[in-house]
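A closer look at the structure
As a plain string of letters, each chain reads:
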Amino acid sequence: EHAYVQDFVRIPSATEIIRETGISDGFDDIPKATLEYARERGSYVDACLRALDAGELDDAGVHKEAQGYVKAYKTFKAERGFVTHAWGKPRVAVKNGMKFGMTEDVTGWMLSAPWLVDIKCTAAMPESVPVQTAAYACGLGRVVVSDRGIETYDFVKDSTARALADPSMLSAVPWKRAALQLFPDATYFFDPHKDDEGDFSEWLSALYLVTR
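Below or above, wherever it landed, is the structure these notes cover. (Residues numbered from 1 in each chain as written. Predicted model: local features only at pLDDT ≥ 70, side-chain atom pairs only at ≥ 80, totals over all residues. Heavy atoms only, no water.)

**Quick notes on the pattern of salt bridges**
Within this structure, the stated rule accounts for ten salt bridges. In this structure, E36 engages R39 in a salt bridge whose closest nitrogen and oxygen atoms are separated by 2.8 Å. Of this pair, E36 and R39 are both found in helix α2 (residues 32-53), three residues apart, which corresponds to roughly one turn of the helix. Residue R39 is classed as partly exposed on the basis of its relative accessible area of 40%. E104 is the partner of R91 in a salt bridge, and the nearest nitrogen-oxygen pair spans 2.9 Å. (Salt bridge = Lys/Arg side-chain N within 4 Å of Asp/Glu carboxyl O. Helix = DSSP H or I, 4+ residues; strand = E, 2+ residues; numbered from the N terminus. Buried < 20%, exposed > 50% of the residue type's maximum accessible area, 1.4 Å probe, protein only.)

**Points about the environment of G81**
Looking at where G81 falls in the secondary structure, it is placed in the loop between α3 (64-80) and β3 (83-87). Residues G81 and M110, spaced 29 residues apart in sequence, show a C-alpha to C-alpha distance of 6.0 Å. If we ignore the near neighbours within four places in the chain, the residues touching G81 are F76, W109 and M110. (Contact = heavy atoms within 4.5 Å.)

**Things to note about the nonpolar core**
The biggest cluster of nonpolar side chains holds 25 residues, and the ones touching the most others in it are F100, W175 and W203. Secondary-structure elements contributing two or more residues to this core are α1 (14-20), β5 (98-102), α4 (129-140), β8 (143-146) and α6 (198-211). The leading source of residues in this core is α4, at seven residues. C48, L49, V70 and I119 belong to the second-largest nonpolar core, a separate cluster that totals 24 residues. (Core = buried A, V, L, I, M, F, W, Y, C linked by side-chain atoms within 4.5 Å.)

**Some words on the sheet that holds strand β12 (residues 188-192)**
Strand order in the open sheet formed by five strands is β3-β6-β7-β11-β12, and the pairing between neighbours is mixed. Among the strands making up the open sheet, the edge pair consists of β3 and β12. Shown here is a sheet whose adjacent strand axes are inclined to one another by a mean of 30°, direction ignored. Note: strand β11 (residues 176-182) against β12, five bridges, orientation antiparallel. (Pairing = 2+ DSSP bridges. Axes fitted to C-alpha atoms, helices over the stretch in contact; angles between N-to-C directions.)

**Some words on the sheet that holds strand β10 (residues 171-173)**
Taken in spatial order, the three strands of this open sheet run β9-β8-β10, and their pairing is antiparallel. Only two strands of the sheet have a single partner each, and these edge strands are β9 (149-152) and β10. Looking at each pair of strands side by side, their axes are set apart by 50° on average, direction ignored. When β8 meets β10, the two strands line up antiparallel, connected through three bridges. Residue pairing across strands places V143 opposite V173, the latter belonging to β10.

**Quick word on the state of the cysteines**
On inspection of all chains with the given rule, the structure shows zero disulfides. Cysteine C48 is unpaired, with the sulfur of C121 as its nearest cysteine sulfur at 9.7 Å. Under the relative-accessibility criterion, C48 is labelled buried at 6%. (Disulfide = S-S within 2.5 Å.)

**Observations regarding the packing of aromatic side chains**
Geometrically, a pair of aromatic rings is defined through the distance of the ring centres and the angle of the planes. In this structure the tally under the stated criterion is seven aromatic pairs. With centroids separated by 5.7 Å and ring planes inclined at 75°, the aromatic side chains of F76 and Y188 adopt a geometry described as edge-to-face. Taken together, the positions of F76 in helix α3 and Y188 in strand β12 put the pair 112 residues apart, joining distant regions of the chain. Y188 carries the same exposure label as F76, and that label is buried. Taken together, the ring pairs in this structure connect Y73, F76, F82, W87, W115, Y188 and F190 into an aromatic cluster. (Phe/Tyr/Trp six-rings, centres within 6.5 Å; stacked < 30°, edge-to-face > 60°.)

**Quick notes on unusual backbone geometry**
Of note, L111 is a non-glycine position whose phi angle comes to about 55°, a positive value. Relative to the elements of secondary structure, L111 occurs in the loop between β6 (106-110) and β7 (113-120). Residue L111 is classed as exposed on the basis of its relative accessible area of 68%. The residue A186 is not glycine, and still its phi comes out positive at about 75°. Of note, A186 is situated in the loop between β11 and β12.

Shape is all these values report; function is a separate question.
Take a look at the structure:
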């Protein structure tokens, strides 16, 4: 997992906060070796998908165990019209004065809206994922869009983005959130999260309990 440090102080990650407050599913009954293998597989697939969207993936070099997941992602993008905007980078976010570390998966444009998508390669979808995407959405804040797609995450600070479009055509909107479950047989399951405040309230409560 990523380690987040700011001013020589370790900052708890969104994943740690969700785990510590009991929101995430328990894995106590799963052998450590199995969990470690799943983690390594997920990290490898993540690297493949990032390379794919950057135009740098050599399909012939993808490990056979990851090929189905990569194909599933390609199918998702083709069928849903998902246009990748960016893959997440490790960052320390602040919400209501409370700090947490996060690295979102992928953001993009689909159905005339900005989407924040968390990708899973697990056999079952963890129930905590909607809270996880709420954490990421809190960390990123509202997103500035135009009719052609995502312009920037931070319009106030990004002078380049301000020159990209007529300001009258821009608007700051919340993220659409979803989980994308990829399977080794090259199929996928897309799970949009509800546009309500429940996930955000649960996340903010967990954040408060761990950081205050």
